[in-house]
Amino acid sequence: MKPAIILGALLGALGWTDTLVAQPPSGATEMPRERDYSYIYDMLDHSLVRPFTRVFDPALLLRKVVGRPRQAANVGENDQVRLPSTWWQPRIGFRPVTVEQMMKGPGSSAGPAPGKWTVTKAKTQGVTPGFQIEDSKGDRFIIKFDPTTFPELTTSVDVIGSHLFWAAGYNVPHNTIATFKAEDLALDKDATFTDALGKKQPMTPEYLTQLLDRVARLRDGTYRCLASRFISGKPLGPFEYYGRRNDDPEDLIPHELRRELRGLWTVCAFLNHADSRGPNSLDMWVTENGRSFVRHHLIDFGSILGSSAIGPRSYVTGTEYYVDFNVIGQQAATIGLRPFDWERVVDPKIASIGFVEGRVFDPAGWRPDYANPAFDERTERDIRWGAKIVAGFTDEHIRAAVKAGSYSDLRASEYLTQVLIQRRDKLVRHWLGPDYRVPYDTR
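The structure displayed is predicted, hence computed values, not measured ones.

Caption draft 1: Quick peek at the overall build of the protein chain. Each helix and strand counted, the protein chain has 13 helices and ten strands in total. Against the globule reference of 22 Å for 443 residues, the protein chain gives a C-alpha radius of gyration of 22 Å, in line with a compact fold. Considering only contacts within the protein chain whose residues lie at least 6 apart along the sequence, 75% involve residues at least 24 apart. Of the roughly 21,800 Å² of accessible surface on the protein chain, a fraction of 55% belongs to carbon and sulfur atoms. A distance of 3 Å separates the average location of the 56 positive side-chain charges in the protein chain from that of its 54 negative side-chain charges.

Caption draft 2: Quick look at the packing of aromatic side chains. Tallied over the entire structure, the rule returns 19 aromatic pairs. Geometrically, the ring pair formed by Tyr-315 and Phe-355 is tilted, given 4.6 Å between the ring centres and 50° between the ring planes. A residue pair is termed long-range when its members are at least 10 positions apart, and Tyr-315 in the loop between strand 10 (291–298) and helix 9 (325–333) and Phe-355 in the loop between helix 9 and helix 10 (373–376) qualify at 40 residues. For Phe-355, a relative accessible area of 5% puts it in the buried group. Summarising the aromatic geometry, the rings of Tyr-322 and Tyr-370 are spaced 6.4 Å apart at their centres and angled 40° between planes, so their arrangement reads as tilted.

Caption draft 3: Here's a closer look at the packing of helix 8 (residues 264–271) against helix 11 (residues 380–391). Between helix 8 and helix 11, the shortest axis-to-axis distance is 6 Å and the interhelical angle comes to 50°. The orientation of helix 8 relative to helix 11 falls into the category oblique. For the pair helix 8 and helix 11, the crossing hand works out as right-handed. Contact residues: Leu-264, Trp-265, Thr-266, Val-267 and Phe-270 in helix 8; Asp-382, Ile-383, Trp-385, Gly-386, Ala-387, Ile-389 and Val-390 in helix 11. Here the residues of the contact of helix 8 with helix 11 are counted per class, giving nine nonpolar, two polar and one charged.

Caption draft 4: Expanded view of the pairing of strand 3 (residues 140–144). Judged from the five bridges that link them, strand 2 (residues 130–134) and strand 3 form a sheet pairing that is antiparallel. Bridging from a neighbouring strand, Gly-130 pairs with Lys-144 of strand 3. Connecting the antiparallel pair strand 2 and strand 3 is a turn made up of five residues, with Gly-138 showing a positive phi of about 90°. Pairing geometry for strand 3 and strand 7 (residues 223–229), over four bridges, is antiparallel. Along strand 7, the bridge assignment pairs Ile-143 with Ala-227.

Caption draft 5: Up close: the sheet that holds strand 1 (residues 117–122). Spatial strand order, 4-7-3-2-1-5-6: seven strands in an open sheet with mixed pairing. In this open sheet, the two strands that pair with only one neighbour each are strand 4 (175–180) and strand 6 (200–202). Between one strand and the next, the sheet's axes are offset by a mean angle of 30°, whatever the strand orientation. Here four bridges tie strand 1 to strand 5 (residues 185–194), and the two strands are oriented parallel to one another. In the strand pairing of strand 5, Val-119 is matched with Leu-187. Running over the sheet, helix 5 (residues 153–167) touches strand 3, strand 4 and strand 7 and is turned about 145° from strand 4. Packing of helix 6 (residues 205–213) onto the sheet brings it into contact with strand 1, strand 2, strand 4, strand 5 and strand 7, and relative to strand 5 it is tilted by some 85°.

Caption draft 6: Quick look at helix 3 (residues 58–66). Of the residues that open helix 3, the one with a side-chain oxygen 3.1 Å from the backbone nitrogen of Ala-59 is Asp-57. Of the residues flanking the end of helix 3, it is Gly-67, one or two places downstream, whose phi is positive at about 70°.

Caption draft 7: Just the nonpolar core, in detail. Among the nonpolar cores identified, the biggest contains 61 residues, and Phe-165, Leu-264, Leu-298, Phe-393 and Leu-416 are the most heavily contacted of them. The biggest single contributor to this core is helix 13 (residues 410–432), with nine residues. Those residues within four positions of Phe-393 in sequence are excluded, and the remaining contacts are Ile-92, Met-102, Leu-164, Ala-167, Ala-168, Phe-270, Ile-398 and Arg-424. Listed in part, the 21 residues of the second largest apolar core include Trp-117, Val-119, Ala-122 and Ile-133.

Caption draft 8: Structural context of the sheet that holds strand 9 (residues 281–288). Strand order in this open sheet of three strands is 8-9-10, and the pairing throughout is antiparallel. The open sheet has two edge strands, strand 8 (234–237) and strand 10, and neither has a second partner. Recorded for the sheet is a direction-independent mean angle of 30° between the axes of neighbouring strands. Bridge analysis of strand 8 against strand 9 gives three bridges, and the strand direction is antiparallel. Residue Pro-235 lies in a different strand from strand 9, and its bridge partner there is Met-284.

What counts and what doesn't
- Residues numbered from 1 in each chain as written.
- Predicted model: local features only at pLDDT ≥ 70, side-chain atom pairs only at ≥ 80, totals over all residues.
- Heavy atoms only, no water.
- Helix = DSSP H or I, 4+ residues; strand = E, 2+ residues; numbered from the N terminus.
- Rg over C-alpha atoms; globule rule 2.2 N^0.38 Å.
- Contact = heavy atoms within 4.5 Å.
- Areas by Shrake-Rupley, 256 points an atom, 1.4 Å probe, with all protein chains shown as cover.
- Lys, Arg positive; Asp, Glu negative; His and termini not counted.
- Charge placed at Lys NZ, Arg CZ, Asp CG, Glu CD.
- Phe/Tyr/Trp six-rings, centres within 6.5 Å; stacked < 30°, edge-to-face > 60°.
- Buried < 20%, exposed > 50% of the residue type's maximum accessible area, 1.4 Å probe, protein only.
- Axes fitted to C-alpha atoms, helices over the stretch in contact; angles between N-to-C directions.
- Parallel < 35°, antiparallel > 145°, perpendicular 65-115°, else oblique.
- Left-handed = near helix turned anticlockwise from the far one by under 90°.
- Nonpolar A, V, L, I, M, F, W, Y, C, P; charged D, E, K, R; others polar.
- Pairing = 2+ DSSP bridges.
- Polar contact = N/O pair within 3.5 Å; in protein donor to acceptor, adjacent residues only side chain to side chain.
- Core = buried A, V, L, I, M, F, W, Y, C linked by side-chain atoms within 4.5 Å.

Below you can see the structure in the form of structure tokens.
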């Protein structure tokens, strides 16, 4: 290899040269293969394996020593994301987005149409029961439920998250709160579920009855659920927050070097999306205007804010990883005498909210449940980019999104609204300064 090439590679690794990115092709000719992504593998890899390998990464160590972190690779001369992007679009924080536009979100604001719902398949991923349906108009939805002991906990935040992440510029499904009666369900003749051995089995009326027995009923005998409208296109499975999708010719930039994924950290800190990881994403193969390509989505917001999908969030959430070697080292050095910030939190004791707060929230040190490769590579420029998005959310945006969660307890709505306002203000003050204003008229 020529010395000039070697030198260029070293300087690029250190972030001392601009990253040259080829222009994407006009369109892919072949659909990438569908792939699966193990939740367990993802957690073990990013909690144990990758943190260990990063310690012995010489390029990373050298960049830290000289104070030259590698900057995002897909930004232009104005330090903004190069467009068009199949990951993110400039919305709130960069241009006006009305409350009405946010509430409409990625498509129709309507949930399943009245009439019979035909159950086509049981939901097998995740920790809560659910199934797929076609409504009376033929539109398809994923139906999900709350934990029986914490009504409204996960369904509400899933809806709130879909509106706020869409307004932030990301591709998301459209989620709504719906209710139905057992007699509103019809079973498709080809409906299936996957058993404990991973084999598909025909779905019977008895199986559907057993599934509904695991779901709490409202006082009027109906079931409350989240209806998540199917995303258009053909599913290809989740994306990862590092590397590239090798069978997508337009996926030219390593994901950990993408500004819209690095800067997502700030939005996730705002919404306490501690479950921000690869398995909670979905790539779709779409064709628009004669061009076929992969569009990248964020999905499954049932574990944001105060919810962990099966119950309230821990007081520790957002302050340390599941396996946090820094915290382990600090506690060992102080023989466990150093107090934790989360010990000062105040639990609102609202079952439908779980646990999320804004008083002790650290706008600089927030962490997800376990390390995210793109978040690990974030720089202050990436964080400030995300903070501009957070700054674009007015009190009216926040109130409207929380209202869409359909909380029956007015205390829950008011508490969550105030927490989000408090977290927004802390993030904006810390990263953009107290005098920052969005660069457009919000009236």
